[in-house]
Amino acid sequence: DQLLSHTGHTLANSRSLLDTIEKQRGRILLVEDHELHARKISKPLSERHQVIVEKDPLNAIRIAKSGIDAVIVSLVSESFDGLRVCASMKFNEESRDVPILVIGDPDDETRFIRAYDIGINDTIMRPVEIQELKARVQTLLRRKFYSDSLRENFNENLEMVVADPLTGLGNRRYFDRTIEPLFDALETGLTPFSIMVFDIDHFKRVNDILGHDMGDQVLKEIAARLVTNMRAVDIVARYGGEEFMIAMPETRASEALVAADRVRSLIAGTPVFVDGEALQVTTSVGVAEVEAGENLRDVFKRADDALYKAKQSGRNKAIS
Ligand code: GH3
Ligand code: MG
Ligand code: MG
Ligand code: MG
């Protein structure tokens, strides 16, 4: 629901997004060793954009990685090979997405073709016509800003799809997606893999007595304790309302059970403070290790059965 409304919001604002992109000031790197040529190009572009002129190719390659929106490279330079500068920028992960406009002579055709091979985005001929230059630069910037905003949006949406906003943990989808490839890569019998499910005991009572908001605070605190007390390689997620799943790679059931009981006892032994009140919160844990021939659903089911036993036998217990 949150995701849908966010997408709707983005679509409604796409008009103003394009306007913003059109007005956005770019950071342009001009790689040119001829001072007069450099001035002729940087001056008109500076009316709207920030232009950095660099005549040293190594410096230019470094600057291209630092938040540049477009690069203009002169192919006809005396002190450096423009094609190699372009190649370095395009082969480097950090500058690969920065668009490059190449300036060359009309009789430079074979070098232009090589430049396009390298992955440059556009060319312009000498003598450079300023209106054409501005238009070509604007097109490169527009595309760059648009793809930047798409990527940003995508990352935001992705985060919303897999993150639980209350606890900051991954959600059920995150957990399933993350452990599926790990599970598929398992050589059962050789690499152990365990999962555990933590469920807060009598959580309904917490809500009933203290209210839903306080219940939420308890959930946050329990989530934090789970994360801080598991290893970095363990995958911790809020799987359901008051239910947390943890995957433990390369861990046998016996080891997982020890870990589960340690964390269970830690939670039970330290009161949770909500609104100045000390609250004893306990959890029950079900643990299961992947066995030969099992699929994920089977392991989940056995962990859930173990959890049920823990609840049946009085709660505040870890069982495998
Ligand atoms: P048990 O020991 O058997 O697990 O008892 P329980 O009360 O914890 O179990 P039950 O499944 O009956 O109730 C779970 C409760 O968790 C019910 C629901 O209101 C509460 N809950 C689920 N999600 C949230 C949430 O996001 N915030 C709050 N405050 N409560 C939640
Ligand atoms: Mg539950
Ligand atoms: Mg329950
Ligand atoms: Mg519960």
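Residues numbered from 1 in each chain as written. Chains lettered and ligands numbered in written order. Predicted model: local features only at pLDDT ≥ 70, side-chain atom pairs only at ≥ 80, totals over all residues. Heavy atoms only, no water.

**Focus: the overall build of the protein**
(1) Moving on: Within the protein, the regular secondary structure consists of 12 helices and 12 strands.
(2) Moving on: The proportion of buried residues among the 320 residues of the protein is 43%.
(3) Moving on: Of all intrachain contacts in the protein linking residues separated by at least 6 positions in sequence, the fraction that spans at least 24 positions is 67%.
(4) Moving on: Element-wise, carbon and sulfur atoms account for 51% of the exposed surface of the protein, whose accessible area totals about 17,400 Å². (Helix = DSSP H or I, 4+ residues; strand = E, 2+ residues; numbered from the N terminus. Buried < 20%, exposed > 50% of the residue type's maximum accessible area, 1.4 Å probe, protein only. Contact = heavy atoms within 4.5 Å. Areas by Shrake-Rupley, 256 points an atom, 1.4 Å probe, with all protein chains shown as cover.)

**Some details on the pairing of strand 1 (residues 27-31)**
(1) Moving on: The buried fraction of strand 1 is high, at 4 of 5 residues.
(2) Moving on: Here strand 1 runs beside strand 2 (residues 50-54); their pairing, made up of 5 bridges, is parallel. Its bridge partner lying in strand 2, Leu29 is registered against Ile52.
(3) Moving on: Handedness of the crossover joining strand 1 and strand 2 through helix 3 (residues 35-46) is recorded here as right-handed. (Pairing = 2+ DSSP bridges. Right-handed = clockwise from strand over helix to strand, strands pointing away.)

**Regarding a nonpolar patch on the surface**
(1) Moving on: Together, Leu18, Tyr146 and Leu150 line one region of the surface with nonpolar side chains, adding up to about 260 Å² of accessible area.
(2) Moving on: Within the secondary structure, Leu150 is located in helix 7 (residues 130-162).
(3) Moving on: Classification of Leu150 by relative accessible area gives partly exposed; the value is 45%. (Patch = residues over 30% accessible without salt bridge, like charges linked within 9 Å, V, L, I, M, F, W, Y side chains within 5 Å. Salt bridge = Lys/Arg side-chain N within 4 Å of Asp/Glu carboxyl O.)

**Things to note about the sheet that holds strand 7 (residues 235-240)**
(1) Moving on: Pairing is mixed across the open sheet formed by 5 strands, whose spatial order is 7-8-6-11-12. Two strands lie at the open edges of the sheet, namely strand 7 and strand 12 (318-319), each paired on one side alone.
(2) Moving on: As defined by bridge partners, strand 6 (residues 193-200) adjoins strand 11 (residues 283-289) across 7 bridges and the pair is classed as antiparallel. Note that in strand 11 the partner of Ile195 across the bridge is Ala288.
(3) Moving on: Relative to strand 8 (residues 243-249), helix 10 (residues 212-229) is tilted by about 10°, and along the sheet it contacts strand 6, strand 7 and strand 8. (Axes fitted to C-alpha atoms, helices over the stretch in contact; angles between N-to-C directions.)

**With respect to helix 6 (residues 109-118)**
For an α-helix, the turn length of 3.6 residues means that residues three or four places apart are oriented alike.
(1) Moving on: Taken residue by residue, helix 6 has Phe112, Ala115 and Ile118 as its buried positions. Axial view of helix 6: buried residues confined to an arc of 115°, hence all on one face. Set apart from the buried face of helix 6 by more than 90 degrees, the exposed residues are Glu109, Thr110 and Asp117.
(2) Moving on: Backbone geometry just after helix 6 places Gly119 at a positive phi near 115°. (Arc of directions from axis to C-beta.)

**A look at the packing of aromatic side chains**
(1) Moving on: Considering all chains together, one arrives at 3 aromatic pairs under this definition.
(2) Moving on: Taking 6.2 Å as the distance between ring centres and 45° as the angle between the ring planes, the aromatic pair formed by Phe175 and Phe300 counts as tilted. Note that Phe175 is positioned in helix 8 (residues 172-184) and Phe300 in helix 12 (residues 296-312), a separation of 125 residues in sequence. The pair formed by Phe175 and Phe300 is uniform in burial state, with each residue classed as buried.
(3) Moving on: Ring centres of Tyr239 and Phe300 lie 5.9 Å apart, and the angle between their planes is 85°; this geometry places the pair in the edge-to-face category. Placement of the pair is Tyr239 in strand 7 and Phe300 in helix 12, with a sequence separation of 61 residues. (Phe/Tyr/Trp six-rings, centres within 6.5 Å; stacked < 30°, edge-to-face > 60°.)

**Quick word on unusual backbone geometry**
(1) Moving on: Residue Arg126 is joined to Pro127 through a cis peptide bond whose omega torsion reads -5°.
(2) Moving on: For Pro127, the location among the structural elements is in the loop between strand 5 (122-125) and helix 7.
(3) Moving on: At His202, a position not held by glycine, the phi torsion is positive, near 45°.
(4) Moving on: Mapped onto the secondary structure, His202 falls in the loop between strand 6 and helix 9 (203-210).
(5) Moving on: Notably, Arg315 is not glycine yet its phi reads approximately 70°, a positive angle.

**Focus: the pairing of strand 4 (residues 100-104)**
(1) Moving on: Of all 5 residues in strand 4, 5 are buried; the element is thus mostly enclosed.
(2) Moving on: Neither face of strand 4 is exposed, since Ile100, Val102 and Gly104 on one face and Leu101 and Ile103 on the opposite face are all buried.
(3) Moving on: Both strand 3 (residues 70-74) and strand 4 contribute to a ladder of 4 bridges, which runs parallel. Within the sheet, the bridge partner assigned to Val73 lies in strand 4 and is Val102.
(4) Moving on: The parallel pair strand 3 and strand 4 is bridged by helix 5 (residues 82-91), and the resulting crossover is right-handed.
(5) Moving on: As paired elements, strand 4 and strand 5 share 4 bridges and run parallel to each other. The partner of Ile103 across the bridge, within strand 5, is Ile124.
(6) Moving on: For the crossover that starts at strand 4, traverses helix 6 and ends in the parallel strand 5, the hand is right-handed.

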